[in-house]
Amino acid sequence: MRKEEMSDQEINRRKFLASAAAAGGMGLGLSFIPSGAQAESSAPSRARRSAATWQNLVEKSSFDSQTAFNASWNHLYPWDGDEDTHNGAAQMDAGQVSLSQGVLTLKATRLSASPGTSPHEPHAPLWYRSGAIHAKPEIIVSDEFPEYDIEGEFQTQTGPGIWPAFWTTGIGAAWPPESDILEYVGVNEQGEAVNFFNTHYKTAGGAATYQRSEVPVDDPNDGFHKYRVWMYKSGADVKLDYYFDGDYVDTHTGYGWADVPQRLIINLQMGSWASNIEEGDDGWADQRPGPDGDTYFRARNVWFGRTVA
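The structure reproduced in this document is the subject of the present report. (Residues numbered from 1 in each chain as written. Predicted model: local features only at pLDDT ≥ 70, side-chain atom pairs only at ≥ 80, totals over all residues. Heavy atoms only, no water.)

What follows is about the overall build of the protein. Helix and strand content of the protein: 4 helices and 17 strands. Taking all 309 residues of the protein together, the buried fraction comes to 54%. Put simply, the protein shows about 12200 Å² of open surface, and 45% of that area lies on carbon and sulfur atoms. (Helix = DSSP H or I, 4+ residues; strand = E, 2+ residues; numbered from the N terminus. Buried < 20%, exposed > 50% of the residue type's maximum accessible area, 1.4 Å probe, protein only. Areas by Shrake-Rupley, 256 points an atom, 1.4 Å probe, with all protein chains shown as cover.)

Note on placement: Ser 130 falls in strand β6 (residues 128-130). Leave out the neighbours within four places in its chain, and Ser 130 touches Ala 90, Gln 91, Met 92, Asp 93, Gln 96, Lys 107, Ala 108 and Leu 268. (Contact = heavy atoms within 4.5 Å.)

Strands pair in a sheet through their backbones, by hydrogen bonds, and they do so in one of two ways: parallel or antiparallel. The 7 strands are arranged β2-β7-β16-β9-β10-β11-β12 in an open sheet whose pairing can be described as antiparallel. Only two strands of the sheet have a single neighbouring strand rather than two, namely β2 (73-75) and β12 (208-216). When strand polarity is set aside, the average angle formed by the axes of neighbouring strands in this sheet is 20 degrees. Bridging between β2 and strand β7 (residues 132-135) involves 3 bridges; their strand directions are antiparallel. Bridge pairing in β7 links His 75 to Ile 133. (Pairing = 2+ DSSP bridges. Axes fitted to C-alpha atoms, helices over the stretch in contact; angles between N-to-C directions.)

Okay, the packing of aromatic side chains next. Applying the stated criterion across every chain yields a total of 14 aromatic pairs. Geometrically, the ring pair formed by Trp 163 and Trp 273 is edge-to-face, given 5.8 Å between the ring centres and 75 degrees between the ring planes. Highlighted residues: Trp 163 in strand β9 (residues 162-170) and Trp 273 in the loop between β16 (262-270) and β17 (294-307), separated in sequence by 110 residues. Taken as a pair, Trp 163 and Trp 273 share a single burial class, namely buried. Pairing Tyr 243 with Tyr 248 gives two aromatic rings, centres 5.8 Å apart and planes at 65 degrees, and the pair type is edge-to-face. Residue classification places Tyr 243 among the buried positions, given a relative accessible area of 9%. Classification of Tyr 248 by relative accessible area gives buried; the value is 9%. Taken together, the ring pairs connect Phe 154, Phe 166, Tyr 227, Phe 244 and Phe 297 into an aromatic cluster. (Phe/Tyr/Trp six-rings, centres within 6.5 Å; stacked < 30°, edge-to-face > 60°.)

We now examine the pattern of salt bridges. Per the counting criterion, the structure on display carries 4 salt bridges. A salt bridge links Asp 292 to Arg 288, with the nearest nitrogen and oxygen atoms 2.7 Å apart. Classification of Asp 292 as exposed rests on a relative accessible area of 53%. The class of Arg 288 is partly exposed, set by a relative accessible area of 27%. (Salt bridge = Lys/Arg side-chain N within 4 Å of Asp/Glu carboxyl O.)

Right, let's get into the nonpolar core. Counting 59 residues, the largest nonpolar core has Trp 73, Met 231 and Ile 266 as its most contacted members. Counting residues per element, this core draws most heavily on β16, which supplies 5 residues. Beyond its immediate sequence surroundings of up to four residues, Trp 73 is in contact with Val 58, Ser 62, Phe 63, Ile 133, His 134, Ala 135, Lys 136, Leu 264, Ile 266 and Val 302. In this structure, Trp 163, Val 185, Val 194 and Trp 273 belong to the second largest nonpolar core, which totals 6 residues. (Core = buried A, V, L, I, M, F, W, Y, C linked by side-chain atoms within 4.5 Å.)

It is worth spelling out unusual backbone geometry at this point. Trp 175 connects to Pro 176 through a cis peptide bond whose omega is -15 degrees. Counting through the fold element by element, Pro 176 comes out in the loop between β9 and β10 (178-183). A cis amide bond links Pro 176 with the next residue in sequence, Pro 177, at an omega value of 25 degrees. Within the secondary structure layout, Pro 177 lies in the loop between β9 and β10. Here the phi dihedral of Asp 245 falls at roughly 50 degrees; this positive angle occurs in a residue that is not glycine.

This next bit is on a negative patch on the surface. A cluster of acidic residues, Glu 192, Asp 218, Asp 219 and Asp 222, forms a negative patch at the surface. Considering the arrangement of structural elements, one finds Glu 192 in the loop between β10 and β11 (194-202). (Patch = residues over 30% accessible without salt bridge, like charges linked within 9 Å, V, L, I, M, F, W, Y side chains within 5 Å. Lys, Arg positive; Asp, Glu negative; His and termini not counted. Charge placed at Lys NZ, Arg CZ, Asp CG, Glu CD.)

For strand β14 (residues 237-244), the tally of buried residues reaches 6 of 8 residues, placing the bulk of the element in the interior. Judged from the 8 bridges that link them, strand β13 (residues 225-234) and β14 form a sheet pairing that is antiparallel. Residue pairing in the sheet places Lys 233 in a bridge with Val 238 of β14. Linking two consecutive strands that pair antiparallel, namely β13 and β14, is a turn of 2 residues; a positive phi of about 65 degrees is found at Gly 235 within it. Pairing of β14 with strand β15 (residues 247-254), which is carried by 7 bridges, proceeds in the antiparallel orientation. Bridging across to β15, Tyr 243 finds its partner in Tyr 248. Where β14 hands over to β15, the hairpin turn is made up of 2 residues, of which Asp 245 adopts a positive phi near 50 degrees.

Set out below in structure tokens:
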């Protein structure tokens, strides 16, 4: 998740992550997730347009070989400067990214000593070497390209200090928009893994805020799960239908998102808010709690495409 212009609400987000999940997603401006039966009955009926107007931008085969990967993906983050760091305790390195039999693996390794701090807020001490990639084609929901379908299958370790994500963010200084399609930020107070579907946007007054829907997942590392968002233009806004394992979860609104270009990112961040700590807390200097050894985040069948008006 990108936070170049963080509000006080976002900077203090770790204080309510666990409590919100414990409260069933109610309060604090979070969305309540309907039960499976309710979700299915309320799912929007949305089918792709005819093949003549559909355009695949990244194919499911992009992890089948290094050549296919190089055609669709770049290493690190899509920032303009400091592309190997973000808002956690991991410094990204292409050597932590591997391909095997159509599966992309990002590996985070605990270091014996910290090489310094991240230049990005909240300037966490770097204690991990990890991997991040971003798609070469951009996402821009517009009159010309009114619908986007983004999907992938993922298997990830979770726990204190582990922060995997599959997400979109505005290009350059444009933030928000941001859509978190997969995001596990550590665990809640009960030690449970909860996936966050987040949609970040600006209010009429210009403040950054978001809508969140939560999906508890028994074990995100027990096989692959499917995460998906369908984006479609609605005037100056963008609607986002989120799905987990093929089931409709919720619809958010990205206010003012139309015509704003975004990038798709897969990364394994570590520490910081995922460790439930902030600067000045006990454990900040060495980013604890956090795992020793290696941590893995795997992806397959990742693709996205769009309609052409």
